[in-house]
Amino acid sequence: MLVVMRPEATPAEIARVLEAIRHLGLTPHPLPGATRTAIGITGNTGAVDKARFVVLPGVEDAIRVTKPYKLASREMHRDDTVITTPQGTVGPKTLTVIAGPCSVEGEGMILECAAHLMSRGVKFLRAGAFKPRTSPYAFQGMGLGGLAILKKAREQTGIGIVTELMDVEHAEAVEEASDIIQIGTRNMQNFSLLKRVGQCRKPVLLKRGMSATLEDWLMAAEYVMAGGNYQVILCERGVRTFSDHSRNTLDLSVIPPAKSMSHLPIFVDPSHGTGKRAYVPAMSLAALASGADGLLVDVHPHPETALCDGPQALVDGDLRDLAHAVRVLPPLFDRAPALPESQV
Ligand code: PEP
Ligand code: MN
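The residue numbering used here restarts from 1 in each chain and proceeds along that chain's sequence as written. Whichever chain is written first becomes A and whichever ligand is written first becomes 1, with later ones labelled in order. The model is predicted, so local features are restricted to residues of pLDDT at least 70 and side-chain atom pairs to those at 80 or more, both for listing and for counting; the totals for chains, interfaces and linings are taken over all residues. The basis for the side-chain values is all heavy atoms of the structure; hydrogens and waters are excluded.

Attention shifts here to the overall build of the protein chain. Numbering of helices and strands runs from the N terminus; a helix is a DSSP stretch of H or I covering at least four residues, while a strand is a stretch of E covering at least two. Each helix and strand counted, the protein chain has 11 helices and 14 strands in total. Here the radius of gyration uses the C-alpha set of atoms, whereas the globule reference equals 2.2 Å times the residue count to the power 0.38. Radius of gyration (C-alpha) of the protein chain: 21 Å, near the 20 Å computed for a compact globule of 344 residues. Based on the C-alpha atoms only, the size of the protein chain along its principal axes is roughly 65 × 45 × 45 Å. For the protein chain, the proportion of contacts with a sequence separation of at least 24, taken over those separated by at least 6, is 67%. The positive charge centre, built from 36 side chains, and the negative charge centre, built from 36, are 3 Å apart in the protein chain. In what follows, a contact means two residues having at least one pair of non-hydrogen atoms within 4.5 Å. Here the positive residues are Lys and Arg and the negative ones are Asp and Glu; neither His nor the chain ends is included. Every charge is mapped to an atom, namely NZ of Lys, CZ of Arg, CG of Asp or CD of Glu.

Rendered as structure tokens:
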């Protein structure tokens, strides 16, 4: 249920509604809006009686939310969610570019990458310190040592860090090292991990599971939000189909329904979506035209030596072309250019 307060409701009236919700053993989620506050209610297994709330002072209405992904739904939150990070906002009217190697491979390459991206106006570096690999014999990431390198890159350049959390035991360390915590495809339904990042104070980039429906994905986002972390970014990275011409099938057709069903920002990862460098630029542009709020792109200084995912990583020249497109195209879609002109 969603309790909608009147625009002139006082903080004391809002507090009284929160208390009334807690009194029923339920969880209130205050959702401040541009003109009024709404309060989402979760924790109920059956219908909540709206009569209990509409009689309280300052309450305008109480509306039943029909979707099972309540906090993630547009019904609960009409306006697009805006995510705030030290490097800038993510969400409507913007386009955010996150770029970097698949994994942290060493200090030199990460520091070089961070400085290079910042010089191009890219404010977020992606790189995994913990890597989920299909083979147990493949490079598993540098672990805590990798996080220390990422922290150094942020200290030296101010770049925002996006890195994956794979296990609950590393939650604190990853939260400290990152500006956005990535939850990978293979963990989209790792419910203990989702609950744990629900306690974190950093935004969560939630990749879509390889065979997850949109509803599965929004329910995964709901796990994070139900824990009190409302800063969730969805990230489409391709699903498994019968097609074998690319690594995955990048499902850009999920963006319009995701936007209509949810208020959460949605990013696209064309690198894991296609698996091939040559296809990344076209799919990046298509993602932008489809309504994506951001791109997560693999970039590597020397892809031929990459320890992970080299064939899909862009090199500097490709990044320059992409930078040009993300400067010129977003205004056509009512978004600010992703990168400043002087740096392209
Ligand atoms: C990645 O971003 O490097 C990654 C492992 O992605 P995914 O979880 O989408 O496979
Ligand atoms: Mn990868």
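The next point concerns the domain arrangement of the protein chain. One widely used convention gives an interface's size as the accessible area the parts lose upon coming together. Each domain span listed reflects an automatic or database assignment of domains. Parsing the protein chain into structural domains produces domain 1 (2–63) and domain 2 (83–343). Just the C-alpha atoms count here: the centres of domain 1 and domain 2 sit 35 Å apart.

So, on to the coordination of the manganese ion (ligand 2). Taken together, Cys 102 (SG), His 272 (NE2) and Asp 309 (OD) make up the protein donors of the manganese ion (ligand 2), found 2.0 to 2.3 Å from the metal. We call an atom a donor if it is N, O or S and sits within 2.8 Å of the metal, or 3.2 Å for Na, K and Ca. Water is not counted, so some sites may look partial. In primary sequence terms, the donor set of the manganese ion (ligand 2) follows C-x169-H-x36-D. Taken together, the residues His 272 in helix H9 (residues 270–274) and Asp 309 in the loop between strand S14 (294–298) and helix H11 (316–328) connect sequence positions 37 residues apart. Of the two residues examined, His 272 and Asp 309, each falls in the buried class. Throughout this description, buried means an accessible area under 20% of the type-specific maximum (1.4 Å probe, protein chains only), exposed means over 50%, and partly exposed covers the range between.

This part is about the site of ligand 1. For ligand 1, the full set of nearby residues is Cys 102, Arg 126, Lys 131, Pro 132, Glu 164, Gln 182, Gly 184, Thr 185, Arg 186, Lys 207, Arg 237 and His 272. Polar contacts, as counted here, are pairs of nitrogen or oxygen atoms within 3.5 Å of one another; within protein the pair requires one atom able to donate a hydrogen and one able to accept it, and residues that are adjacent in sequence qualify only if both atoms are side-chain atoms. At a separation of 2.8 Å, an oxygen atom of ligand 1 approaches a polar side-chain atom of Lys 131. One of the side-chain N or O atoms of Lys 207 is found 2.9 Å from an oxygen atom in ligand 1. All accessible-area figures derive from a Shrake-Rupley calculation using a 1.4 Å probe, and residue coverage is judged against the displayed protein chains alone. Look at ligand 1: alone it shows 300 Å² of surface, and the protein chains cover 98% of it. Ten residue types, Ala, Val, Leu, Ile, Met, Phe, Trp, Tyr, Cys and Pro, are classed as nonpolar, four, Asp, Glu, Lys and Arg, as charged, and the remainder, Gly among them, as polar. Across the shell around ligand 1, the residue classes break down as two nonpolar, four polar and six charged. Being near a molecule or strand, for a residue, comes down to having at least one heavy atom within 4 Å of it.

This next bit is on the pattern of salt bridges. Think of a salt bridge as a Lys or Arg side-chain nitrogen and an Asp or Glu carboxyl oxygen that are within 4 Å of each other. Scanning all chains against the criterion turns up 18 salt bridges. Here Arg 120 and Asp 316 are joined by a salt bridge, their closest N and O atoms 3.2 Å apart. Of this pair, Arg 120 sits in the loop between helix H3 (107–119) and strand S8 (124–126) while Asp 316 sits in helix H11, and the two are 196 residues apart along the sequence. Residue Arg 120 is classed as buried on the basis of its relative accessible area of 13%. Through salt bridges with shared partners, one network takes in Arg 120, Asp 316 and Arg 320.

What follows is about the pairing of S14. Most of S14 is tucked away: five of the five residues are buried. Side chains of S14 alternate between two faces, with Gly 294, Leu 296 and Asp 298 and Leu 295 and Val 297 buried alike. Strand pairing is assigned whenever DSSP detects at least two bridges linking the two strands. Inspection of the sheet shows strand S7 (residues 96–100) paired to S14 by five bridges, in the parallel sense. The residue of S14 that forms the bridge with Ile 98 is Leu 296. With two bridges connecting them, strand S13 (residues 266–268) and S14 associate as parallel partners. What sits directly across from Phe 267, in S14, is Gly 294.

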